[in-house]
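Fold and contact review
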There are 2 protein chains.
Amino acid sequence: MKYEFSITKNPNPKKKPDPDTLRFGTEFTDHMFIMDYQEGEGWHDGRIVPYGPLSLDPAAVVFHYAQEMFEGLKAYKSEDGRVLLFRPYMNAQRTNRTNDRLCIPQIDEDLFVEAIKALVKIDADWIPQKEGTALYIRPFIIADEAFLGVRRSNHYKFIIILSPVGPYYVGGLTPTKLYVEDKYVRATDGGTGEAKCGGNYAASLKAQEEAHAKGYEQILWLDGVHRKYVEEVGTSNAFFVIGDEVVTAPLDGTILPGITRNSVIAILKKKGIKVAERKTTIDEIVQAYKDGKFKEMFASGTAAVISPVGELRYKDEDMIINNGEIGPIAQELYDTIYGIQTGKLPDDMGWTVEVK
Amino acid sequence: MKYEFSITKNPNPKKKPDPDTLRFGTEFTDHMFIMDYQEGEGWHDGRIVPYGPLSLDPAAVVFHYAQEMFEGLKAYKSEDGRVLLFRPYMNAQRTNRTNDRLCIPQIDEDLFVEAIKALVKIDADWIPQKEGTALYIRPFIIADEAFLGVRRSNHYKFIIILSPVGPYYVGGLTPTKLYVEDKYVRATDGGTGEAKCGGNYAASLKAQEEAHAKGYEQILWLDGVHRKYVEEVGTSNAFFVIGDEVVTAPLDGTILPGITRNSVIAILKKKGIKVAERKTTIDEIVQAYKDGKFKEMFASGTAAVISPVGELRYKDEDMIINNGEIGPIAQELYDTIYGIQTGKLPDDMGWTVEVK
C-alpha cells in the first residue's frame, strides 16, 4: 500500500448492536482514523486508534468560527462477503472543493480513500447485513489551533468515524410530507451552499423545527435571491417528475453536488429517461400539479439514498403527489442504486470500490 | 449572590504575559467557567475550573453541524483599581437571540452576567493596564451530544474563557484599506446574518484572504440579494459620514446587532450629530465621494472598538477617505467609548458594570 498508517488496536472491543433495532448515527465502532495538519509540515501522522474522546483546547477555532467540514458515505457487505464502498473518490474530490471554500488545506484524494479503506477493513465485522442497514462512514475535518480572531487555522485534524446504521427515515421508503419554506433561506449565491460545511446545517435547524411543528417531516428550500426557484429538500437534493421529464436544480453555487444526485442523473440517462438540470420555479410546479403533470417527487442523499415525497405544501396549495405513494421512477432508482451499492446488481457503472 | 458556582482553583498558575508584547487572543488565563445543559434537566453544574482541554466525543454535534455560538466583551481595570465590564447584559440578550436562531436553549441573562463576573474576579490579576490592552472575555456555547443526523442537540456546554489582549489591529488607530466584496456574500435575508454563530465566520474567511492577496486589510460586504447595499466591514459594523450625517445599515436581519454599534449611535445622538440607520447603496457612496461629501468611514466592534478606514476600493473606483487619516468623528467616538470603558470618563450612560 502506498500509504502507511500506524494501528493501535482497541483492547476493549464493544458489543455489536442488534441489527433489528439500529437507528441512524448513534452507535460507533471500535476504531477511528486521525491525521494532523500543521502549517509548514502538511498532513502527517495518519493513524488508526481506539474510538474515544478528542482533547481540544477551549479556544480551538472549530468551537468559535466553525472552520469545519464533513463527508458521508456507506460501506455494505455483499451476499458473497465482499465489502463495497460507493464512489468514495467523489467524496474525496468534494472534500477538496469544500476545503477550498472554507480555507482548509487540500488533502491527497488517494490518501483520503486509503484511510477509509484501512479503517473499514479493521472494523469490517461492524458492517450490518440486514436489508436497509449499512456501515455509515463519516470523514470530517476540524480546525483546532487555539486562538481567538478571524483567520484560517494553522492546525487541523482529519478524522474518520464509523457508525452501523439503520434507515435514516424510520419509515423507510414511506413518502414524506414537505413544507415549502418561504421565510428562512439555506443558501445564496456567493455563500457556502455548495460546500459541505457545518454552518449550513446549523442554519437549517430552525426551519426544520418550524416545519415539524406544522406537521411536516422536511422542508423544500427556495433560492435566497428570488425566493421562487426550488433548491434542496432538507439536506438532500430534490427531483421532480413533470410530464415525462425529471428535473433537478443545476449546480450553480447554492446546491450541494450530491453523489447520489449525480448517480440518479447517470442512471436516468442510461435508462433513456429524460432528465434536466435546470432552474425550476415553485410556480411551475404548482401549475404542473394543476395540469395533472406533476407525477412524482423524491429527494436523494447518502443517508436515505432515495426518499419519496407524498405531499408538498406551498402557501395555501396542498399538493398530493402520486396519491401519496412512492412512484415508479423513485422505486426503480432506489432498487438500482441500492442494488449496485450492496452488490446485488452488476456494477455496470464501475461505481463500487472493494475493500480487500 | 443569587447564583452559586463551585470553584476549583488552578494549583499551577501561569506566568502573566508582558503587556508590551500582547497580541490578540493567543494567551489565556488560569481559569474557565463551564456549565452543562441536558434536555429535561436544563442548565446545571456551573463551575469555575482550571483552564484546560475539553474532552468531547468525535461525534459531538459541534464538529459536524456547527451548532455553536459565541459572544465577546472586555474587562478593563480603571486607574483607581475598579474592574469594569461594558454593557454585559447586551451580550446576554444577544446570546438568547442567537440561541433562538440556532435552536440552542435559552440561558438566564443574570446567570450569564454573574458567571462572567465570578470568573473575571478570580482572574482579575490578568487584566492588563497598558493603553489599548484589555481582558477579552469569550463566552460560547457548543452542542456536544454524540450523534450524526440533522436535529438540535440535547446536550450543550456554556463556557467562558478569558484572554489578556493587545490591540486587535496591530496598527491601532491607523486607518485600514478596504475592498468592496462583489463575489462572496456574508449574509442574506432568512439566513443567520444577525446571529453570532460560527458558520458566519467560517464562510467569511475566503473573501478576507482574497482581499488580503489584493493588498487590502478587510472587506466591505454588500447585501446578498441586490449586491448593492453596504452591510458590514469584515466582522464589524460599518459607518459612513456623508455630508453632515453618519449612516449605518439598519438591523433588518442580515446585520449583527453590535454593542459598539449601538453605543456609537447613542453617543452621536447625545452629541447632537445626525445619525441614520438606513439602507445605503455603494453607488450613493461613490457619488458622495465624487461630490466631495464622503467625509469619513469607520468600523465598530468589541475587539477594535473603532477602526478608521482610509481607503475604499469598489471595482475601478479607489476612494481615499479624509486623506487616508483618521477623521474627527471616529477619533471622538473612540476617545469617548474607550474612556467610558476604562473609567477615564464619567459613565453618563450607565453602561459600565463593576465587578466587586
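Within every chain, residues take consecutive numbers counted from 1 along the sequence as written. Both sets of labels track the order of writing: A upward for chains, 1 upward for ligands. With the structure being a predicted model, the display of local features is reserved for residues of pLDDT at least 70 and the display and counting of side-chain atom pairs for 80 or more, all residues being used for whole-chain, interface and lining totals. Note: side-chain values were computed over all heavy atoms of the structure, leaving out hydrogens and water.

Describing the UniProt feature "modified residue: N6-(pyridoxal phosphate)lysine" (unreviewed entry) in chain A
All names here are of chain A. UniProt positions are given in the numbering used here, feature names are shortened, and annotations may be inferred rather than shown by experiment. Taken from the UniProt record, the annotation "modified residue: N6-(pyridoxal phosphate)lysine" (unreviewed entry) applies to K196. Only DSSP runs of H or I with at least four residues qualify as helices, and only runs of E with at least two residues qualify as strands; both kinds are numbered from the N terminus onward. Here K196 is to be found in the loop between β10 (176-180) and α4 (198-213). The contacts of K196, once residues within four sequence positions are left out, are M69, F70, E71, G72, R94, T98, Y201 and L256. In this description, contact between two residues means that some pair of their heavy atoms is separated by no more than 4.5 Å.

Overview of the pairing of strand β10 (residues 176-180) of chain B
Every other side chain in a regular strand lies on the same face of the sheet, so the side chains alternate between the two faces. Residues and elements named next belong to chain B. Partly exposed describes any residue whose relative accessible area lies between the buried limit of under 20% and the exposed limit of over 50%, with all areas from a 1.4 Å probe on protein chains only and scaled to the type maximum. Among the five residues that make up β10, four are buried, leaving the element largely enclosed by the rest of the structure. Only when DSSP finds a minimum of two bridges between them are two strands counted as paired. Here β10 runs beside strand β17 (residues 305-314); their pairing, made up of four bridges, is parallel. When the sheet's bridge partners are listed, L178 is paired in β17 with L312. Across three bridges, β10 lies against strand β11 (residues 218-222) in parallel orientation. Bridging from a neighbouring strand, Y179 pairs with I219 of β11.

Here's the deal with the side chain of Q341(A)
All names here are of chain A. Position of Q341 relative to the elements: it lies in helix α7 (residues 328-341). Overall, the relative accessible area of 6% leaves Q341 in the buried class. Aside from chain neighbours lying at most four places away, what touches Q341 is Y76, L84, F86, V305 and T352.

Comments concerning the pairing of strand β6 (residues 73-77) of chain A
Residue and element names in this part refer to chain A. Among the five residues of β6, four are classified as buried, and the element is accordingly described as predominantly covered. Two elements, β6 and strand β7 (residues 83-86), share three bridges in a ladder whose sense is antiparallel. Across the sheet, K77 pairs through a bridge with V83, a residue of β7. Taking the residues that link successive antiparallel strands as the turn, the β6-β7 hairpin has five residues, and the phi of G81 there is positive, at about 85 degrees.

A few points about the interface of chain B and chain A
Facing 60 residues of chain B, the contacting portion of chain A comprises 60 residues. Buried surface at the junction of chain B and chain A, summed over both partners, amounts to about 5000 Å²; 60% is from carbon and sulfur atoms. The largest share of the area that chain B buries against chain A comes from F63(B), L148(B) and V150(B), three residues that together contribute 14% of it. Throughout this description, the term salt bridge denotes a Lys or Arg side-chain nitrogen within 4 Å of a carboxyl oxygen of Asp or Glu. At the boundary of chain B with chain A, the tally comes to four salt bridges. As a salt-bridge pair, E209(A) and R152(B) come within 2.6 Å of each other at their nearest N and O atoms. We define a polar contact as two N or O atoms separated by no more than 3.5 Å, with the added condition that, inside protein, one atom must be a possible hydrogen donor and the other a possible acceptor, whereas residues neighbouring each other in sequence contribute only through side-chain atom pairs. The interface formed by chain B and chain A contains 26 residue pairs in polar contact (both at pLDDT 80 or more). Residues were grouped as follows: Ala, Val, Leu, Ile, Met, Phe, Trp, Tyr, Cys and Pro as nonpolar; Asp, Glu, Lys and Arg as charged; and all remaining residues, including Gly, as polar. Per-class residue counts for the side of chain B that touches chain A are 32 nonpolar, 16 polar and twelve charged. Where strand β4 (residues 54-56) of chain A and strand β4 (residues 54-56) of chain B come together, three bridges link them in antiparallel fashion. Counted as the bridge partner of L54(A) is L56(B) from β4(B). Throughout, buried area stands for the accessible area (probe radius 1.4 Å) lost by two parts on being put together, summed over both.

So, unusual backbone geometry
All names here are of chain B. Even without glycine at this site, K315 takes up a positive phi of about 50 degrees. Mapping K315 onto the fold places it in the loop between β17 and β18 (317-320). Positive phi, normally seen in glycine, also occurs at N323, with a value near 55 degrees. Summarising the element assignment, N323 is placed in the loop between β18 and α7 (328-341).

A look at the relation of the copies chain B and chain A
Least-squares fitting of one copy onto the other uses the C-alpha atoms of those residues that reach a pLDDT of at least 70 in both copies. For the pair chain B and chain A, the relating rotation is 180 degrees, the translation along its axis is 0.0 Å, and the fit reaches an RMSD of 0.0 Å. Considering both components of the superposition, the chain copies are consistent with a two-fold axis. Scanning chain B for the C-alpha nearest the rotation axis identifies G199(B), at a separation of 1.9 Å. Mapped onto chain A, 100% of the interface residues of chain B again fall at the interface, so both copies present the same surface.

Concerning the state of the cysteines
Here, disulfide denotes a covalent bond that connects the sulfur atoms of two cysteines. All names here are of chain A. The disulfide criterion used throughout: a pair of cysteine sulfur atoms within 2.5 Å. Enumeration over the complete set of coordinates arrives at zero disulfides over all chains. Its sulfur unpaired, C103 is 11 Å from the next cysteine sulfur, which belongs to C197. Judged by relative accessible area, C103 falls into the buried class, the value being 3%.

A look at the pattern of salt bridges
For the structure on display, the rule yields 47 salt bridges over all chains. Of the charged contacts, one joins D36(B) and K157(B) as a salt bridge, the two residues approaching to 2.9 Å between their closest N and O atoms. One end of the pair, D36(B), is in strand β2 (residues 31-38); the other, K157(B), is in strand β9 (residues 155-165), with 121 residues separating them in the sequence. As far as burial versus exposure is concerned, D36(B) and K157(B) are alike and both buried. The salt bridge partner of R313(B) is D318(B), with a shortest N-O separation of 4.0 Å. What emerges from the salt-bridge pattern is a single network uniting D36(A), D45(A), R47(A), D144(A) and K157(A).

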